[in-house]
Amino acid sequence: MATALEEPPATAERSAAARPRTGLRRHWHLYAAISPFYLLFLAFGLVPVGFSLYLSLHRWDGLGPMEWAGLTQYRYLLTDIDFWSSIGNTIVIWALATFPMIFLAMVTAVLLNSAVRFKNVYRFAYFLPNVTSVVAVAIIFGSVFSTNFGLVNALLQAVGLDQVAWLNTPWGIKVAIATLMTWQWTGYNAIIFLAGLQTIPGELYEAARIDGAGPVQTFFRITLPLMRPMLLFVLVVSTVTGLQSFSEPQVLLQNTANESTYSGGPGHAGRTMVLYFFQQTFDNNDFGYGAAVAWGIFLVVVIFSIINWRLVQRRSE
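In this report, we go over the structure that sits alongside the text. (Residues numbered from 1 in each chain as written. Predicted model: local features only at pLDDT ≥ 70, side-chain atom pairs only at ≥ 80, totals over all residues. Heavy atoms only, no water.)

Side note on the overall build of the protein chain
Okay, step 1: Scanning the protein chain for helices and strands turns up 14 helices and two strands.
Okay, step 2: Every one of the 317 residues in the protein chain was classed for burial, and the buried ones make up 35%.
Okay, step 3: Sequence-distant contacts in the protein chain: of pairs separated by 6 or more residues, those separated by 24 or more amount to 63%.
Okay, step 4: For the protein chain, the accessible area works out to roughly 19100 Å², and carbon and sulfur atoms hold 67% of it. (Helix = DSSP H or I, 4+ residues; strand = E, 2+ residues; numbered from the N terminus. Buried < 20%, exposed > 50% of the residue type's maximum accessible area, 1.4 Å probe, protein only. Contact = heavy atoms within 4.5 Å. Areas by Shrake-Rupley, 256 points an atom, 1.4 Å probe, with all protein chains shown as cover.)

Here you go:
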């Protein structure tokens, strides 16, 4: 006979079935619906990253057995003159491209925000370079900056200036690559800035006009402070993409030197960090050191992103 504190077996089973299921058992169908993304991310994201870290601790030519190297390749990376030279090239190209691009994108966004007619047409036209094939654009820019038949040198000669060997001199190479990147990303960032401008209440501008503020004062006292979150986003994204530039210099300079397509042109003036990674990995078949270079690139990108974020945040305080 069951006591008062005990439930009959049938009653206990009904109570267990009536209890609401929690956690994985209750929401298993939701987890199953989103599981393909995590499985793909695991297979093509985390596993390759982990393998690259493991590979950076070995010497491997891609075919033979791996040889344990420990931190030797990282120690060599710190003293590799070519790697530091590629960092310098990348930073210069990034600076030449990013700051003019942000200025032009902001100006373009202000103009688009004040336009009355054909807004959507302008937005499409400015966004088009970002969705155009980088390879095709680089080939066109190679013709534009050609020494003998390029459009830029033709304009210089039209105003009485001498030709410039853009793709055969160190600074000419950097300017050409930076110009290509500026043209490619200005429209995209202008759309981002435009979205930020459209969130600013119009009452603030009306109050500023009533107080006698001009367009310049309104921009620096109202528009720019309220646009800092967008500016931070654009700056960080531009840093990440600019420091990982590969297709632009690789296609633009592939026929300017009798070396590898990853050499970066005459004097290696356009050899960015990613180009150096490809050169070590696929030209020299040194996959272990290439993995170490890739982690070095990752560290440089993280450091510069943090610096940019801190600078913008400090100015907003």
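Moving on, there is more to tell.
Topic: the packing of aromatic side chains
Okay, step 1: A full pass over the atoms with the stated rule returns 21 aromatic pairs.
Okay, step 2: Geometrically, the ring pair formed by tryptophan 94 and phenylalanine 304 is edge-to-face, given 6.0 Å between the ring centres and 75 degrees between the ring planes. Taken together, the residues span a long stretch of sequence, with tryptophan 94 in helix H4 (residues 81–114) and phenylalanine 304 in helix H14 (residues 287–316) at a distance of 210 residues.
Okay, step 3: Judged by its relative accessible area of 5%, tryptophan 94 falls in the buried class.
Okay, step 4: Each ring, one from phenylalanine 141 and one from tryptophan 183, has its centre 5.8 Å from the other, and the planes form 55 degrees; the classification is tilted. Placement of phenylalanine 141 in helix H6 (residues 134–144) and of tryptophan 183 in helix H8 (residues 170–197) is noted, with a sequence separation of 42 residues between them.
Okay, step 5: An aromatic cluster of three or more residues is present, and its members are Trp60, Phe246, Tyr262, Phe277, Phe278, Phe282 and Phe287. (Phe/Tyr/Trp six-rings, centres within 6.5 Å; stacked < 30°, edge-to-face > 60°.)

Some details on the pattern of salt bridges
If the charged atoms of two oppositely charged side chains come close together, the side chains can form a pair.
Okay, step 1: Per the stated rule, a full pass over the model turns up two salt bridges.
Okay, step 2: One salt bridge connects arginine 59 with glutamate 67, and the closest N-O pair in it is separated by 3.9 Å.
Okay, step 3: Of the residues examined, glutamate 67 reaches a relative accessible area of 48% and is grouped as partly exposed. (Salt bridge = Lys/Arg side-chain N within 4 Å of Asp/Glu carboxyl O.)

Remember that the coordinates give geometry; whether it matters functionally is a separate question.
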